[in-house]
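# Breakdown of the fold
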Amino acid sequence: MMDSLRTAANSLVLKIIFGIIIVSFILTGVSSYLIGAGANYAAKVNGQEISRGQFENAFAGERNRMQQQLGDQFSELAGNEGYMKTLRQQTLNRLIDEALLDQYAKNLGLGISDEQVKKAIFSTQAFQSNGKFDNARYNSIVNQMGMTADQYAQALRNQLTTQQLINAVVGTDFMLKGETDELAALVSQQRVVREATIDVNALAAKQQVSDAEVNAYYEQNKNTFVAPEQFRVSYIKLDAAALQETASDADIQSYYDQHQDQFTQPQRNRYSVIQTKTEADAKAALDELNKGADFATVAKTKSTDIISAKNGGDMGWLEDATTPEELKNAGLKEKGQLSGVIKSSVGYLVARLDDVQAAKTKPLADVRDDIAAKVKQEKALDAFYALQQKVSDAASNDNESLAGAEQAAGVKAVETGWFGHDNLPEELNFKPVSDAIFNGGLVGENGTPGSNSDIITVDGDRAFVLRVSEHKPEAVKPLAEVKDRVVAQVKHNKAEQQAKMDAEKILVDLKAGKNDALKAAGLSFGEAKTLSRTGQDPISQAAFGLSLPAKDKPTYGTTTDVQGNVVLLALDDVKAGTMPEEQKKAMVQGITQNNAQIAFEAMMSNLRKEAKIKLGDVVTQQQ
């Protein structure tokens, strides 16, 4: 398996693929992996070095993952120096933990065979086409990771070894059958209860409230009666899509003449190659070809490039930018022409030029419609930018209103209704716009209108100019405005307190055997209900908190229901429940996994304590 991976890694086809994607590597940060062998390491774990390049590559990957997960929110977090330091530290901690696990697995003698690595690679869906392993796809993806096939296989081996260690830890925790049955019986237990409810709302309607009580509650709870900050905004919206432009014949011809490269397909050559490990093997293959042997047949049997060999050596169409230097310098000019033996970075080659497609420029008639659309778009954007400048100048010159900007834009400003931070009008729901409104820079003194905003560009083809026409700061609402709410709340609080006191008195009587206490309070227990321990409502939770009843003698207690009413409970009976085997298995699995997680964390903590970990200069300087 490892030999096959090395052969694929040295494939000329992969060299071409690498040439195509290297630019994207540089743009996405993978180049830091390729060139990361700096003078400073990130950390040493028991003498094992985590290189600077390895750390930076892992951090770049974590940044990309967070950006995909959080979107625009990550841009704000990325500007927070403290957050980014924490993210870097978390990345380094993860690499250190991986090194510790790898070392511990080796100390225990854990290992993964070549066959297991091969099976893991072949079963990875990302490397499959139509449900089958695709070697070309595998090598292409591995190359995009910035790794050779050997490097990927080794990284996978380390990962599988670590997983083997984790599985070993997880598998150490178990429960005896007696423990399982006892726990299942406890979890599936049922309780039979009756309820008597004291209606708090009915009691609240009978409560009397004084002005002093209302004033006291209001003063103590002013923060619950705050009116949020409110805005009214006038705005002018500019939209590039609304600007209609035309494309004349002269415009189209000019664009076509100036952008010939966009409509020209460069010359393409099609090659077939036979790749060998030694010069002697290449000469032998060339001799066969010169004697009339079929190129495809020789390639399939003699070429060590397992990707192109499948296709009889065919490399497909290559443009100059993607053609390896070895083929460019082979002197092949005529179709069907064979090269001599070529020394290359992947061994030795014999190549054949199969076909040539001359550079070809599309006629104007074929691309006219596309060019017309581009010309219209460019002219619309030019007009859009000019209009932005014109409106911006007008808004700056007349900073007391949007009248000048309206005249420059040729449209009337729109005024919104009142809104706050949590209900921005949909037409203004863009981050740059909301930032301009809520950052306070456009608000005048004492709620008066402030200045016009600068031009605010959104998504590149829309723009806004706006002003805050009215503003109300966050403020505590006056008592007169919220008095009804205060009175209702005070009544409810008094009723709730009375209900709890009444319930406690009744509970004392019931426990003393005075069963007529409920009737005297105008209450009665309802029909018996059977509750399960899995119930999340307050009644079920309270019922399972009561002590077990004696024979023919209920246990009593109190609680509140989801409506806030006070409830008296009578626990009459406790029943044994049953648990299906599947549910019992799931319960045991959950408990053992939780225990195993605790054991794994303890193991990692011990490994960290015993390890000699030294941070490199690059990391310590950034802390």
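Since this is a predicted model, take the numbers as computed values, not measurements. (Residues numbered from 1 in each chain as written. Predicted model: local features only at pLDDT ≥ 70, side-chain atom pairs only at ≥ 80, totals over all residues. Heavy atoms only, no water.)

### Quick word on the pairing of strand β20 (residues 566–575)
Keep this limit in mind: Two strands are said to pair when DSSP picks up at least two bridges between them. Put simply, DSSP H or I for four residues or longer makes a helix, DSSP E for two residues or longer makes a strand, and each gets a number counted from the N terminus.
Across 9 bridges, strand β5 (residues 190–198) lies against β20 in antiparallel orientation. For Thr197, the partnering residue across the bridge sits in β20 and is Val567. Bridge count between strand β19 (residues 555–560) and β20: 6 bridges; the pairing is antiparallel. Within the sheet, the bridge partner assigned to Thr560 lies in β20 and is Val566. Hairpin connection between β19 and β20: a loop of 5 residues separates the two successive antiparallel strands, and Gly564 in this loop has a positive phi of roughly 90°.

### Observations regarding the sheet that holds β20
Inclusion rule: For helices, the axis comes from a line fit to the C-alpha atoms of the stretch in contact; other axes are also lines fit to C-alpha atoms, and the angle between any two N-to-C directions lies between 0 and 180 degrees. When checking whether two residues touch, look at their non-hydrogen atoms; a contact exists if any pair is within 4.5 Å.
Read across the open sheet, the 4 strands follow the order β18-β5-β20-β19; overall the sheet is antiparallel. This sheet does not close on itself; its edge strands, each paired only once, are β18 (529–532) and β19. Shown here is a sheet whose adjacent strand axes are inclined to one another by a mean of 40°, direction ignored. Across the sheet, helix α21 (residues 479–511) touches β5, β19 and β20, and the angle it forms with β19 is around 170°.

### A word on the sheet that holds strand β21 (residues 613–615)
Read from one edge of the open sheet, 3 strands run β2-β1-β21, paired in antiparallel fashion. At either margin of the open sheet sits one strand with a lone partner, and together these are β2 (48–50) and β21. Strand-to-strand twist in this sheet, taken as the mean axis angle between neighbours without regard to direction, amounts to 20°. Where strand β1 (residues 43–45) meets β2, 3 bridges bridge the pair, whose relative direction is antiparallel.

### Points about the packing of helix α13 (residues 249–258) against helix α18 (residues 364–397)
The condition is simple: Roughly parallel means an angle under 35 degrees; roughly antiparallel means over 145; roughly perpendicular covers 65 to 115; every other angle is labelled oblique. Only Asp, Glu, Lys and Arg are considered charged in this grouping, and only Ala, Val, Leu, Ile, Met, Phe, Trp, Tyr, Cys and Pro are considered nonpolar; every other residue, Gly among them, is considered polar.
The geometry of α13 relative to α18 is characterised by a closest axis approach of 9 Å and an angle of 105° between their N-to-C directions. In this view, α13 runs roughly perpendicular relative to α18, as classed from their interaxial angle. From α13, Asp249, Asp251, Ile252, Gln253, Tyr255 and Tyr256 reach across to α18, where they touch Leu364, Val367, Arg368, Ile371, Ala372, Lys374, Val375, Glu378 and Lys379. Of the residues belonging to the contact of α13 with α18, the class tally is 8 nonpolar, 1 polar and 6 charged.

### Here's the deal with the packing of aromatic side chains
Put simply, the test is: Aromatic rings from Phe, Tyr and Trp, with only the six-membered ring used for Trp, were paired whenever their centres fell within 6.5 Å, and each pair was classed as stacked if the ring planes differed by under 30 degrees, edge-to-face if by over 60, and tilted otherwise. Buried means the residue's accessible area, taken with a 1.4 Å probe over protein chains only, is under 20% of the maximum for its type, while exposed means over 50%, and partly exposed covers the values in between.
In this structure the tally under the stated criterion is 10 aromatic pairs. Aromatic pair Phe384 and Tyr385: ring centres 5.8 Å apart, planes at 45°, arrangement tilted. You can call Phe384 buried: its relative accessible area is 0%. Here the aromatic rings of Phe430 and Phe464 are separated by 5.9 Å at their centres, their planes lie at 40°, and the arrangement is tilted. Of the two residues, Phe430 sits in the loop between β14 (414–415) and α20 (431–438) while Phe464 sits in strand β16 (residues 462–472), which places them 34 residues apart along the sequence.

### Section: unusual backbone geometry
One non-glycine residue, Asn130, lies in the positive phi region at around 55°. Tracing the chain through its elements places Asn130 in the loop between β3 (128–129) and β4 (132–133). Since its relative accessible area comes to 82%, Asn130 is described here as exposed. Residue Asp552 is not a glycine yet carries a positive backbone phi of 60°. Taking the relative accessible area as the measure of exposure, Asp552 reaches 74% and is therefore exposed.

### Some points on the packing of helix α14 (residues 279–290) against helix α15 (residues 295–302)
Where we set the bar: Crossing handedness is defined as follows: a turn of the near helix away from the far one that is anticlockwise and smaller than a right angle gives a left-handed crossing, while the clockwise case is right-handed.
Interaxial distance between α14 and α15 falls to 10 Å at its minimum, and their mutual angle equals 155°. Our classification of the angle between α14 and α15 gives roughly antiparallel. Regarding α14 and α15, the two cross each other, and that crossing is right-handed. Packed against α14, whose contacting residues are Ala285, Glu288 and Leu289, the element α15 presents Phe295, Val298 and Lys302 at the interface. For the contact of α14 with α15, a count of residues per class yields 4 nonpolar, no polar and 2 charged.

### Examining the pattern of salt bridges
Note the cut-off: Any carboxyl oxygen of Asp or Glu within 4 Å of a side-chain nitrogen of Lys or Arg constitutes a salt bridge here.
Enumeration according to the criterion identifies 25 salt bridges in this entry. Between Glu325 and Lys328 there is a salt bridge; the shortest N-O distance is 3.4 Å. On the criterion of helical spacing, the pair formed by Glu325 and Lys328 is a turn pair, its members being 3 residues apart in helix α17 (residues 325–328). What makes Glu325 partly exposed here is its relative accessible area of 46%. For Lys328, a relative accessible area of 32% translates into the label partly exposed.

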